[in-house]
Amino acid sequence: MKSKLFDYIDRDNFIYNLSGLTKLVCFICMTFSVMFSYDIRYILFVMVLSVIFFRMSEISFKQIKLMTIYVIIFLAMNFILTFIFSPQYGVEIYGTKHEMFHIAGRYVVTQEQLLYQVTKVTKYASVVPLGMIFLLTTNPSEFAASINRVGCNYKAAYALSLTLRYFPDMIRDYQDIALAQQSRGLDLSRKEKLGTRVKNVMNICVPLIFSTLDRIELISNAMDLRGFGKKKKRTWYVAKPLYKQDWMAMGFALCVFLGSLFMTFFVNQSRFFNPFV
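Predicted model only: the values in this text are computed from it and were never measured.

Enquirer: Pulling in residues and values, what's your account of the overall build of the chain?
Expert: Broken down by element type, the chain carries 10 helices and two strands. Within the chain, the proportion of its 277 residues that are buried is 38%. In the chain, 76% of the contacts between residues at least 6 apart in sequence involve partners at least 24 apart. Accessible surface for the chain amounts to roughly 16700 Å². Of this, 66% is attributable to carbon and sulfur atoms. Across the chain, the 32 positively charged side chains and the 18 negatively charged ones have centroids separated by 3 Å.

Here it is in C-alpha cells:
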C-alpha cells in the first residue's frame, strides 16, 4: 500500500471543518506560545492540548508513522548534541549548579542542564502534532482561497497551494520510480551494504528530479494557457466563509498565546521557569 504521508484525505469532524485560515492562525499562535516560553509547565499544557486536537482530527497512524520515526530520531540527536556542545548552558541560564554525577572533564550532568534540555525537547515535541494537524487536515485549494481573502496576493496563495499539493505527488513519484528500479534489479533491501544502498537511492533521486522538472513545466504551461496572473483578482471554487466555530477556535488559540506572555512577563518575569531559586 502506498504511503499517505502529507496526503490530504477529507473527513467530517470539527478540525477538518475549520477554515484553512483558522488552522493557520491557530498553528501560528500556539507555536509562538511554545517557542517564546521556556516554562516547561506551560509547554506541557500546550502539548496536552495538541495531543487532544490530534486525536480529534482522527488522523490515522499510517499517515504519520514515517514522520514520527524521523521526529524521534531528530529529538534524540538534538538532546545528545546539545549536551556534547553545551554541557553547562543550563547552569549559565539558571545561575545555580546542582550536580548529579560527573562523566569526564567538563561533562557534568546537572539538574539545571537536564531541565533545560528536557524543556527544549518538549518544545519541539509539542509543536510537531500541531504541524501534522495543519498539513494533513487542510485542503490546499481552500487554504489558498482563505489567505487570499484576508489580503495575501492570489499568486502567492496559489504558489503555496501548489507546494502543499506537491508533497504527496513527490512521494508517489518516488515510490513509483523505486518500484520500477527494483523490478530492474536495483536492491534497496538491508541485504546490501549501506554505501551501496545510498548509491541506489541516488539512482532513484535523479529520475525523480527530472520528473519534477517535467511536472513544473506542465503546470506552468497550463497556467499560462488559462491566463493566470493576467488580472489583479480571481475567484476560488472552494472558498469557505468563516463560521462561529472558526472565530471560537482563533479566540482560543489567541488566549493560549496571551497565556504564554502572561506566564513570561508576570509570573516568571523571564522566559525561563527557574525552580532552583
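Enquirer: Can you tell me about the pattern of salt bridges, naming the residues and giving the values?
Expert: For the structure on display, the rule yields two salt bridges. A salt bridge links aspartate 39 to arginine 41; its shortest N-O distance comes to 2.8 Å. Given the relative accessible area of 40%, arginine 41 is considered partly exposed.

Enquirer: Run through the UniProt feature "transmembrane region" (unreviewed entry) in the chain, naming residues and quoting values.
Expert: Mapped onto this numbering, the UniProt entry annotates "transmembrane region" (unreviewed entry) at residues 14-34, 40-57, 69-90 and 247-267. Secondary structure within residues 14-34 divides into 90% helix and 0% strand; the distance between the first and last C-alpha atoms comes to 23 Å.

Enquirer: Any details on the packing of helix H2 (residues 20-36) against helix H10 (residues 244-267)? Residues and values, ideally.
Expert: Two elements in contact, H2 and H10, have axes whose closest approach is 9 Å; the angle formed by their N-to-C orientations is 10°. Taken as axis vectors, H2 and H10 run roughly parallel relative to one another. Facing Thr22, Val25, Cys26, Cys29, Met30, Phe32, Ser33 and Phe36 of H2, the residues of H10 in contact are Asp246, Ala249, Met250, Ala253, Leu254, Val256, Phe257, Ser260, Leu261, Thr264 and Phe265. In the contact of H2 with H10, the residues fall into 14 nonpolar, four polar and one charged.

Enquirer: Explain H2 to me, using residue names and the numbers behind them.
Expert: With 17 residues, H2 ought to run about 24 Å at 1.5 Å a step, and its terminal C-alpha atoms sit 24 Å apart, in line with that. Residues Gly20, Leu21, Thr22, Lys23, Cys26, Cys29, Met30, Thr31, Ser33 and Val34 constitute the buried set of H2. On the buried face of H2, the contacting elements are helix H1 (14-17), helix H3 (40-57), helix H6 (111-137), helix H7 (140-149) and H10.

Enquirer: Residues and numbers for the packing of aromatic side chains, please.
Expert: Tallied over the entire structure, the rule returns 16 aromatic pairs. Seen from their ring centres, phenylalanine 74 and tyrosine 124 are 5.7 Å apart, and the 65° between their planes marks the pair as edge-to-face. In this pair, phenylalanine 74 is assigned in helix H4 (residues 61-85) and tyrosine 124 in helix H6, connecting sequence segments 50 residues apart. Given the relative accessible area of 45%, phenylalanine 74 is considered partly exposed. Residue classification places tyrosine 124 among the partly exposed positions, given a relative accessible area of 27%.

Cut-offs used in this document
Residues numbered from 1 in each chain as written. Predicted model: local features only at pLDDT ≥ 70, side-chain atom pairs only at ≥ 80, totals over all residues. Heavy atoms only, no water. Helix = DSSP H or I, 4+ residues; strand = E, 2+ residues; numbered from the N terminus. Buried < 20%, exposed > 50% of the residue type's maximum accessible area, 1.4 Å probe, protein only. Contact = heavy atoms within 4.5 Å. Areas by Shrake-Rupley, 256 points an atom, 1.4 Å probe, with all protein chains shown as cover. Lys, Arg positive; Asp, Glu negative; His and termini not counted. Charge placed at Lys NZ, Arg CZ, Asp CG, Glu CD. Salt bridge = Lys/Arg side-chain N within 4 Å of Asp/Glu carboxyl O. UniProt positions renumbered as here; feature names shortened; annotations may be inferred. Axes fitted to C-alpha atoms, helices over the stretch in contact; angles between N-to-C directions. Parallel < 35°, antiparallel > 145°, perpendicular 65-115°, else oblique. Nonpolar A, V, L, I, M, F, W, Y, C, P; charged D, E, K, R; others polar. Expected span 1.5 Å × (residues − 1). Phe/Tyr/Trp six-rings, centres within 6.5 Å; stacked < 30°, edge-to-face > 60°.

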